[in-house]
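Observations on the three-dimensional arrangement
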Amino acid sequence: YCEHPKDKNILLPLDKSNDLIKNLILEEIIHTYEALGAKRIEINDVIDLSSEQKAGGIFKGIKFTGDANQKYSKTLVRKKEYGKGTFDPARAMKNKKFIYDMPNIMTTIDGRINGNQTLESFSETIDLSGGLNLDVLTIFNAGLKLNYKKNWQFEVEFYDKTEI
């Protein structure tokens, strides 16, 4: 076990820390946006593939060639939709540990609490190690190639405050 990176009173199993921290971060963000009147939240994991790929060969006697300039690949991480709900900044910020380290998340929260922001689309690099010692994680997960930094693409749509 290891200490929770943001709360020394909580222990996390070392072998599952990556997934646990990922889920803690996701649920914290979703909970915050929901409490601020989210209509729709979509979070995608974006993988940069920015290398050129060329293909060619013969298939069933037909010669083919092709170029692919795919820049990235997206995988849906979470998608949530809500009916008209509440706007409760105190509940949104209560017991949060990770969001304060994410500038784009905090900008959206500020725009929502102090303004009437209704849509935000952005990317944020999320550190899934949560501040845990990567040398220890690498030794423990011997041979596994774990990527502790993720580029997540967010799109969050809020109800207009006058509608809630």
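Described below are features of the structure shown in this document. (Residues numbered from 1 in each chain as written. Predicted model: local features only at pLDDT ≥ 70, side-chain atom pairs only at ≥ 80, totals over all residues. Heavy atoms only, no water.)

1. Focus: the environment of Asp-101
Its location among the elements puts Asp-101 in the loop between α2 (89–93) and α3 (103–113). Put simply, Asp-101 and Ile-126 are 25 residues apart on the chain and 9.2 Å apart in space, counted from C-alpha to C-alpha. (Helix = DSSP H or I, 4+ residues; strand = E, 2+ residues; numbered from the N terminus.)

2. Considerations on the nonpolar core
By size, the foremost hydrophobic cluster in this structure holds 25 residues, and its most contacted members are Ile-25, Ile-29, Tyr-33, Ile-43, Ile-105 and Trp-152. At the level of secondary structure, the elements contributing two or more residues to this core comprise α1 (17–35), β3 (38–48), α3, β7 (119–127) and β8 (149–158). Among the elements that take part in this core, α1 stands out by supplying seven residues, more than any other. Beyond its immediate stretch of four places on either side in the chain, Ile-25 contacts Phe-98, Met-102, Ile-126, Asp-127, Leu-128 and Trp-152. (Core = buried A, V, L, I, M, F, W, Y, C linked by side-chain atoms within 4.5 Å. Buried < 20%, exposed > 50% of the residue type's maximum accessible area, 1.4 Å probe, protein only. Contact = heavy atoms within 4.5 Å.)

3. Observations regarding unusual backbone geometry
In this structure, Asn-95 is a non-glycine residue whose phi angle is positive, near 60 degrees. Residue placement: Asn-95 occurs in the loop between α2 and α3.

Keep in mind these numbers describe shape, not what the thing actually does.
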